[in-house]
Amino acid sequence: MLYVVIAFLFLAIVLYFLLGGADFGAGIIELFTSEKNRQQTRKTMYQAIGPIWEANHMWLIIAVVILFVGFPVIYSQMCTYLHIPLLVMLMEITARGTAFAFRSYDAVKGERTQNLYNHIFVYSSFITPLFLGIIAGSAISRQIDLHPASFVAGYIFSWLNYFSVAVGLFTVALSGYLAAIYLIGEADDDKDAKRFIKKAKYMNIIAVIFGGMVFIAAGFENVRLAHWIFGNSVSLTAVIAATISLILLWVLISRGKKKIIRIFAGFQVTMILLAVGYMHYPYFIMIKGGQNLSLMSLHAPNKTIDDLGWALFIGSFLILPSLFYLYYSFQKKNDVV
Amino acid sequence: MNDFLAARSQMAISLGFHIIYSCVGMVMPLFMAVSHYKWIKTGDPVYKNITQAWSKGVAIFFATGAVSGTILSFELGLLWPKFMEHAGPIFGMPFSLEGVAFFIEAIALGFFLYGWNRFNKWFHLFTGLIVGISGIISGILVVSANSWMNNPTGFDFVNGQYLNIDPIKAMFNGSWFTEALHMSLAAFSATGFAVAGIHALMIAMKKNILFHTKAFKIAIIFGAVAAILQPFSGDLSAKNAYKTQPAKLGAMEAYYHTVPYSPLVIGGIPDTAAKKVNYGIEIPGLLSFLVHDNFKEPVNGLDKIPVQNQPPVTITHLAFELMIAIGSAMMLLGLIYFTALWKKRSWLSKKWFLNLFIWATPFGFIAVEAGWTVTEVGRQPWIIQGIMRTSQAVTPMPGIHYSFYLFTAVYFTLSIAVIVLLSRQIKMVPELYDR
C-alpha cells in the first residue's frame, strides 16, 4: 500500500503543477498582456477557469494531507525549515483565490474595486508559482540545515539561493506556457487564438531560457542536476520524450490543433517532473550533509498507510469521474452564465 | 509577545475566522438548494432569484473558506510541527476523507454556479445539494479530528512512544459524535439566524418585501429548529466532557471544590486566587443532576486536578456562560418563531417581531466563537489531552509574532472585504433580482 500512497502523492503533485499551474499561468498571461487586449484576455480566461479553479486548487490540499498523514516527519521538517516560503505561498494563494472570487461576484462592478482585484490577482498569480518552485527547488537543493548556526542559515538560506530561485522562475514560465496552450482552445475567435499562440511561443522560449538558468544555478550551488538528469536512462528518456513532443507540438499548433496540444504540453511538464523526481526517489527532501528524508523510511505506521491508501483509492473513484465530467462539460463554449 | 503565545494567538485568530467562513460555507448551500427546489416545484421566479442571490454569497464564502482552510492545513505544521509529527498518522484519517469531501464540494460548486440553463434542472439541483451535503460531511470530519485532540484514542502511549496506531478507531473516538452534533447544529443555527436577520432588516426597511420574506422563512426554519435542538446536544456534550476532560468541565462551571449536591453556577466572575466565584447564582444539586442524573452524587471539581494541568478558568467559564446565555436566547426566539408561524401569523409582519431577529443576527456566531473558546482553551495546557502539552508542540522557528501580526492583518482585511461584498449584494437585490 505504501507504493499506492506514494503514487497518489506524486499524482497530486503533478496534477497540481499541471492544473494549478495552468490556473496561475492564466493570471501571468493577464499580467503580461497589453492594456489593449487585457479585457478580452480576462474574459476568455474567466470563462475557461471560472468553473474549475476551485477544483484545480484541491490537488494541493490532497498532497498536503498525504504528506502529513503518511509522512509526518517529512512534513514537519519541511514546515519548520521552509516556514517562510510556505508562508508567502499561503498569503498569495489567499490573495489570489479571494481576488478571483471577489472580482467575479462583487455585485457592484466598480472600476476602482475591479482594478484592485485585478492587481491582486495578477501579481499573486505570479508570486504563488514562484514560491511553489522555490519550495520545490529547496527540497532538492541540499541547503536545508537541520542544525543551523544562525536564524539566517536555518530559515533564510534554506530557500533563498540561486538554485531555488531559478526553479521558482522556471515554474512561473512553465505555468504561463501551460496556460497559454490551454487558452488557445478556449479563445472566442481566431484573432484571440492567434494572440494566445503567440503568447505560448513566447512563454515557451522564456521557459527554455529559465530552464537553462536552472542548470547554471545548479552549478553555483553544487546541485548535481546534470548528473541526475543525464546520468540515468529513465530521466534521459523523459527529457528526450519531452523534447520530441515539443517539436510535435509546434507542428500541431501551426495546423490549428487546439485541443491535442494540451496533452503534449502537459506531457512535457510531466516528463520534466519525472526526470527530476526519478533520480531522487525515494528521497523527498535532500538535507545538508547528506541525511536525506526518504519516503521509504519516514512513512507512518503500516496501519495508517493502509487506511490512507484505501481512503485515496475510494476517494479517487468519486473524484476523478466527476472532475472529468466537469472539465468536459465546460469545454463547450460558455454561452450562458 | 513570546513565540509560544504568538503561535497560540495566530492559531486562535485563524480558527476563529475560519470557523465563521466554514459554517456559512457548509450550511448556506442547503438553504440555496431548498430555495432552488421550491423554484423548480412552484415555478415562482422569486425563489429562483433567492437561489441566485444566495449562490453568490455561497461562492464568496466558499472561496474564503477554502483559502483559510488551506492556510490551516499548513499552519498545523508551520506552528505545531512536533504535534503533527506524532499526531498526523493517528488523527489524519478524517483529514484525508475531508480532502475527498471538499474536493467533491468544489467540483459540485463549479457545476452549480456555472450550470444555469446548461444542464437538466434536476441535475443542476442535485449538484447544489451535493455542495451542501459534502460541506456538512467535511465539517463533521474536521470536528472529528478536533475531538480526537480532546479524547485521544486509537493508539497506545508507552514510554513516550505512540504504538499500535489505528486511525479508524481514532476517528471514531468517544467524543466525535457529541462534538460533531453540537458543531453542526451550531453551524445551522448561527447561519440560519444570521441570514434571517439580514433579510428581516430588509423587510423592516420595506425593501423587496416579497423576496426577503421568502428568504427569511427558509433561513429561520433551519436556524430555529437547530437552536431548539441545541440544548439537548449541549447536555450530551457536557456529560461527555466530564467523562473525558473533567478539568475542562470544572473550568466551564468554575467549580473549584468537590461537594455533594454539586451546585451549578450561573454567571459570576471567577476569583482564581480565592478559588471562588463572585456575583454568580448557585443552584445546589443542579450540576450533579446534569452530570450524574441525580442531585446528590458529587461531581469532581478542580481540586481533584493538579494545578499545572488546569485550564485558565476565567476565560473558559465566561465563554461558556456567554454561549449558554446566547444559546438559550436563540432557542426562545426559535419557539417564538414557530408560535408565530402556527398560532399568531399576525406577528410575522410586526415591527417588534422583526426587530427581535434583526438584533439576533450576530448571536449565533458569537455563541460559536464562545463555544470554540470553551473547547480549545478548556483543553489547555494540553494539545493532545493528557498526552502532549501545547508548549512541547510549538515550532522552534523564532519570530512567530511577525507572522501573527501578518495573519491578523490578512484575516481582518478579508473579513472587511467579505462584509463589504455582502452588503453590496444586498444593496443590489432590487436591480439584479426585482425584474
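Worth saying up front: this structure is predicted, and the values here are computed from it rather than measured.

Cut-offs applied
Residues numbered from 1 in each chain as written. Chains lettered and ligands numbered in written order. Predicted model: local features only at pLDDT ≥ 70, side-chain atom pairs only at ≥ 80, totals over all residues. Heavy atoms only, no water. Helix = DSSP H or I, 4+ residues; strand = E, 2+ residues; numbered from the N terminus. Rg over C-alpha atoms; globule rule 2.2 N^0.38 Å. Buried < 20%, exposed > 50% of the residue type's maximum accessible area, 1.4 Å probe, protein only. Contact = heavy atoms within 4.5 Å. Lys, Arg positive; Asp, Glu negative; His and termini not counted. Charge placed at Lys NZ, Arg CZ, Asp CG, Glu CD. Phe/Tyr/Trp six-rings, centres within 6.5 Å; stacked < 30°, edge-to-face > 60°. Lys NZ or Arg CZ within 6 Å of the ring centre and 35° of its normal. Salt bridge = Lys/Arg side-chain N within 4 Å of Asp/Glu carboxyl O. Buried area = accessible area lost by both parts, 1.4 Å probe. Polar contact = N/O pair within 3.5 Å; in protein donor to acceptor, adjacent residues only side chain to side chain. Nonpolar A, V, L, I, M, F, W, Y, C, P; charged D, E, K, R; others polar. Expected span 1.5 Å × (residues − 1). Bend = angle between axes of the 7 residues up to and from the residue. Axes fitted to C-alpha atoms, helices over the stretch in contact; angles between N-to-C directions. Parallel < 35°, antiparallel > 145°, perpendicular 65-115°, else oblique. Left-handed = near helix turned anticlockwise from the far one by under 90°.

Asker: Report on the overall build of chain A, specifying residues and quantitative values.
Answerer: Looking only at helices and strands, chain A features 13 helices and two strands. For chain A, whose C-alpha radius of gyration is 20 Å, the value lies close to the compact-globule estimate of 20 Å for 337 residues. For chain A, the spread of C-alpha atoms along the three principal axes comes to 55 × 40 × 40 Å. The 337 residues of chain A split such that 59% are buried. Long-range pairs, those at least 24 residues apart, make up 78% of the contacts in chain A between residues at least 6 apart in sequence. Distance from the positive charge centre (25 side chains) to the negative charge centre (17 side chains) of chain A: 8 Å.

Asker: Give me the packing of aromatic side chains: which residues, what numbers.
Answerer: As enumerated under the stated definition, the model contains 56 aromatic pairs over all chains in all. Taking the centre distance of 6.1 Å and the plane angle of 90° together, the rings of Y16(A) and F24(A) count as edge-to-face. When sorted by exposure, Y16(A) lands in the same class as F24(A), which is buried. Members of the aromatic cluster, each reached through a chain of ring pairs, are Y46(A), F100(A), F121(A), Y325(A), Y328(A), F330(A), F111(B), Y114(B), F119(B), F123(B) and F126(B). Taking the ring centre of F121(A) as reference, the NZ or CZ of R103(A) above it sits at 4.6 Å. The ring of F196(A) has R195(A) sitting right over it, with the charged end atom 5.8 Å from the ring centre.

Asker: Describe the pattern of salt bridges, with residues and values.
Answerer: Inspection of every chain in the model, using the stated rule, returns 14 salt bridges over all chains. Note that D293(B) is salt-bridged to K239(B), the shortest N-O span being 3.6 Å. On the criterion of sequence distance, the pair formed by D293(B) in the loop between α9 (286–292) and α10 (313–342) and K239(B) in helix α7 (residues 209–244) is long-range, its members being 54 residues apart. Relative accessible area serves as the criterion here: at 23%, K239(B) is assigned to the partly exposed category. Bridged by salt links that share partners, the residues E30(A), R42(A) and R103(A) form one connected network.

Asker: Describe the interface of chain B and chain A, listing the residues and the values that go with them.
Answerer: Many authors give the size of an interface as the accessible area that is lost as the parts come together. The partner chain A presents 65 residues to the 63 residues of chain B that form the contact. Between chain B and chain A the total buried area reaches about 5,800 Å² when both faces are included, carbon and sulfur atoms providing 78% of it. Applying the counting criterion to the chain B and chain A interface returns two salt bridges. D106(A) is the partner of R424(B) in a salt bridge, and the nearest nitrogen-oxygen pair spans 3.6 Å. At the junction of chain B with chain A, the criterion picks out twelve residue pairs in polar contact (both at pLDDT 80 or more). At the level of elements, α2 (45–79), α3 (81–114), α5 (167–171) and α14 (400–427) of chain B are the ones that each hand at least two residues to the side of chain B that touches chain A. Among the elements that make up the side of chain B that touches chain A, the one with the highest residue count is α3(B) (21 residues). Across the side of chain B that touches chain A, the residue classes tally to 44 nonpolar, 14 polar and five charged.

Asker: Please set out helix α1 (residues 2–31) of chain A residue by residue, giving values where relevant.
Answerer: Along an α-helix, a turn takes 3.6 residues, which lines up residues three or four apart on a common side. Residue and element names in this part refer to chain A. If you check α1, its first and last C-alpha atoms are 42 Å apart, about what 30 residues at 1.5 Å a residue would give, namely 44 Å. Of all bends in α1, the biggest is about 30°, found at G21. Among the 30 residues of α1, 23 are classified as buried, and the element is accordingly described as predominantly covered.

Asker: Break down the side chain of T44(A) for me, citing the residues and quoting the values.
Answerer: Residue and element names in this part refer to chain A. With respect to the helices and strands, the residue T44 is situated in helix α2 (residues 35–49). A residue is classified by how much of its surface remains accessible, and T44, at 0% relative accessible area, is buried. For T44, the side chain forms a polar contact with the side chain of D192, separated by 2.9 Å.

Asker: Describe in detail the environment of L146(A), supporting the description with residues and values.
Answerer: Residues and elements named next belong to chain A. With respect to the helices, strands and loops of the structure, L146 is situated in the loop between α6 (111–140) and α7 (151–156). Separated by ten residues in sequence, L146 and I156 place their C-alpha atoms 13 Å apart. The residues touching L146, leaving out its near neighbours within four places in the chain, are Q77, Y81 and I287.

Asker: So what's going on with the packing of helix α6 (residues 176–204) of chain B against α7(B)? Residues and values would help.
Answerer: For any two helices packed against each other, one specifies the crossing angle of their axes together with the interaxial distance. All names here are of chain B. Where α6 contacts α7, the axes come no closer than 6 Å and their chain directions differ by 150°. Relative to α7, the element α6 is oriented roughly antiparallel. Regarding α6 and α7, the two cross each other, and that crossing is left-handed. In terms of residue class, the contact of α6 with α7 is made up of 22 nonpolar, 13 polar and no charged.

Asker: Go over the environment of I107(B), please, and point to the residues and values.
Answerer: Note that I107(B) resides in helix α3. Look at I107(B) and you get buried, because its relative accessible area is 2%. In the structure, I107(B) is positioned 265 residues away from W372(B) in sequence and 29 Å away in space, judged by C-alpha atoms. The contacts of I107(B), once residues within four sequence positions are left out, are A55(A), I319(A), S322(A), L323(A) and L326(A).

Asker: Any chance you could break down unusual backbone geometry for me, citing the residues and the numbers?
Answerer: Residues and elements named next belong to chain B. Note the cis peptide between Q380 and P381, where omega equals 5°. Following the sequence through the fold, P381 ends up in the loop between α12 (363–377) and β7 (382–384). Look at A254: it is not a glycine, yet its phi comes out positive at around 45°. Here A254 lies in the loop between α8 (246–253) and β3 (264–266). For A254, a relative accessible area of 5% gives the class buried. In this structure, K275 takes a positive phi of about 55° despite not being glycine.

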